[in-house]
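So the chains spell out like this:
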Amino acid sequence: MRTSFRALAVCAATTLLCLSPGLAQADPAPADRCQDVTFPVPQGTVAGTLCLPDGPTDTVMVLESGSNYNHLYWDFPYQPETYNFRRAMNAAGYATLVADRLGNGASSRPPSFTLTATETAESLHTMVQALRGGLAGNAPFAKVVTAGHSLTSGTAIMEATSYHDVDGILLTGYSHTLSVPDVLGVISTYYQAVNDPGFAGRGYDPGYLVTRPGTRAADFYGIDPDPQVVALDEANKETFSLTEYPDGLLSTLPGMSSFITVPVMIVDGSRDRMVCGPGFSTCTDTATLYDKEHPYFSPDAKLRTYVLPNSGHAINLAPNTRDYHAQVVDWMKSVTG
């Protein structure tokens, strides 16, 4: 399943890149620096790809995408010099593990009603421990930093406060001031994957949902996104279950984040309709985001924030996303010492 899904994803992305006018061919990942890995968990198998930088490193970043995305969110094939977060971190000298959540991508697809944020947090813990123990013949990593987007920012908090086994946490598309009307507005665009042309007939049970065609641009993007990015994002959209939300949203309430004892960085887009509060007031600028968020974290978190101008919820796919990459690299230097 792992190999076939990767092949299909690459084939689909490559076909779109070749057939769409003005699209540059994706630069393939160096085969000798990346390897597919799997992690057994109670509900099946979590699939991921471990990529190493050119030089030695003792630090790895675990990257998981939110509820509407799979591994391609972090490893985007179009114009990778701009949009590919994974490659940017490898170029900065850090190893990366990009993983698909249970229920999407190349990971196992259990019954949708069994999918929860708690299970995703447990699988994240399994990956952290495997990386610290020496994964797939690689040397153990001394430092592990988790990075989440939207839903998996919540699961990264859940994992860190349960096990205290990571060295830093990057939270993107996350805040404690959710705009409930906007969140509900996005949820209203979901429908059953069995009714979507891209997923019908592929064995999904009725609890697996996807976004309706054509709704992602308004929900997840900010000002002037690249139309080719939006098209490729639509072509590779992912399934999820509403059962992942209730426990995952607990991380946005006051309390849980105060138990984090390692450095934290929060990055949001200034036009993120879901996490920036009424009128985007939480994300006016980096200082405002810090003022809003630091009361929810202990001094040990050494909280750092960054607001990416004009970006929506999908900050990895904003035209200026490289500015955010640079901020993360600078933060990583402070985490790894």
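Going by the structure above, here's the rest.
No experiment lies behind these values; they were computed from the predicted model shown.

Taken as a whole and assessed by the stated rule, the structure comprises five cavities of 30 Å³ or more. Of the volumes computed, that of the largest cavity is approximately 330 Å³. Around the largest cavity, the lining is made up of 25 residues, and of these Ser150, Leu151, Leu249, Met274 and His313 lie nearest the centre. If you list the elements that add at least two residues to the lining of the largest cavity, you get helix 5 (151-163), helix 6 (180-187) and helix 9 (245-248).

Let us now look at the packing of aromatic side chains. A full pass over the atoms with the stated rule returns eleven aromatic pairs. Measuring from ring centre to ring centre gives 4.9 Å for Trp74 and Phe85, while their planes differ by 70 degrees; the resulting arrangement is edge-to-face. On the criterion of sequence distance, the pair formed by Trp74 in the loop between strand 3 (59-64) and helix 2 (80-83) and Phe85 in helix 3 (residues 85-91) is long-range, its members being eleven residues apart. Of the two residues, Trp74 and Phe85, both sit in the buried class.

By secondary structure assignment, the location of Asn84 is in the loop between helix 2 and helix 3. Accessibility expressed as a relative area gives 2% for Asn84, which makes it buried. Reaching out from Asn84, the side chain makes a polar contact with the backbone oxygen of Phe76 at a distance of 3.0 Å. The contacts of Asn84, once residues within four sequence positions are left out, are Trp74, Asp75, Phe76 and His325.

A covalent bond bridging the sulfur atoms of two cysteines is what the word disulfide describes. Under the defined criterion, the tally for this structure stands at two disulfides. Each disulfide pairs two cysteine sulfurs, and for Cys34 the partner residue is Cys51, the sulfurs being separated by 2.1 Å. The S-S bond linking Cys34 to Cys51 shows a torsion near 115 degrees; that makes this disulfide right-handed. Remark: Cys51 occurs in strand 2 (residues 44-51) and Cys34 occurs in strand 1 (residues 34-41); sequence separation between them is 17 residues.

So, about helix 8 (residues 227-235). Within helix 8 the residues assigned to the buried category are Val229, Val230, Leu232 and Asp233. The buried residues of helix 8 all sit within an arc of 165 degrees when viewed along its axis, so they share a single face. Among the exposed residues of helix 8, those oriented more than 90 degrees off its buried face are Pro227 and Ala235. Two or three places before Gln228, at the opening of helix 8, Asp226 has a side-chain oxygen 2.8 Å from that residue's backbone nitrogen.

On to the pattern of salt bridges, then. Overall, the coordinates contain nine salt bridges when judged by the stated rule. Among the salt bridges present, the one from Arg273 reaches Asp182, with a minimum N-O distance of 3.3 Å. Here Asp182 lies in helix 6 and Arg273 lies in the loop between strand 9 (264-269) and helix 10 (286-293), a separation of 91 residues in the sequence. Using a relative accessible area of 23% as the deciding quantity, one classes Arg273 as partly exposed. Salt-bridge contacts for Lys237 lead to Glu234; the nearest nitrogen and oxygen are separated by 3.2 Å.

Conventions and cut-offs
- Residues numbered from 1 in each chain as written.
- Predicted model: local features only at pLDDT ≥ 70, side-chain atom pairs only at ≥ 80, totals over all residues.
- Heavy atoms only, no water.
- 1 Å grid on protein atoms, 1.4 Å probe; cavity = no way out; pocket = protein on both sides within 12 Å on 5 of 7 lines; lining within 4 Å.
- Points joined across faces, edges and corners; volume = space filled by probe spheres on them.
- Helix = DSSP H or I, 4+ residues; strand = E, 2+ residues; numbered from the N terminus.
- Phe/Tyr/Trp six-rings, centres within 6.5 Å; stacked < 30°, edge-to-face > 60°.
- Buried < 20%, exposed > 50% of the residue type's maximum accessible area, 1.4 Å probe, protein only.
- Polar contact = N/O pair within 3.5 Å; in protein donor to acceptor, adjacent residues only side chain to side chain.
- Contact = heavy atoms within 4.5 Å.
- Disulfide = S-S within 2.5 Å.
- Arc of directions from axis to C-beta.
- Salt bridge = Lys/Arg side-chain N within 4 Å of Asp/Glu carboxyl O.

From the geometry alone we can't say anything about function, so treat these as descriptive.
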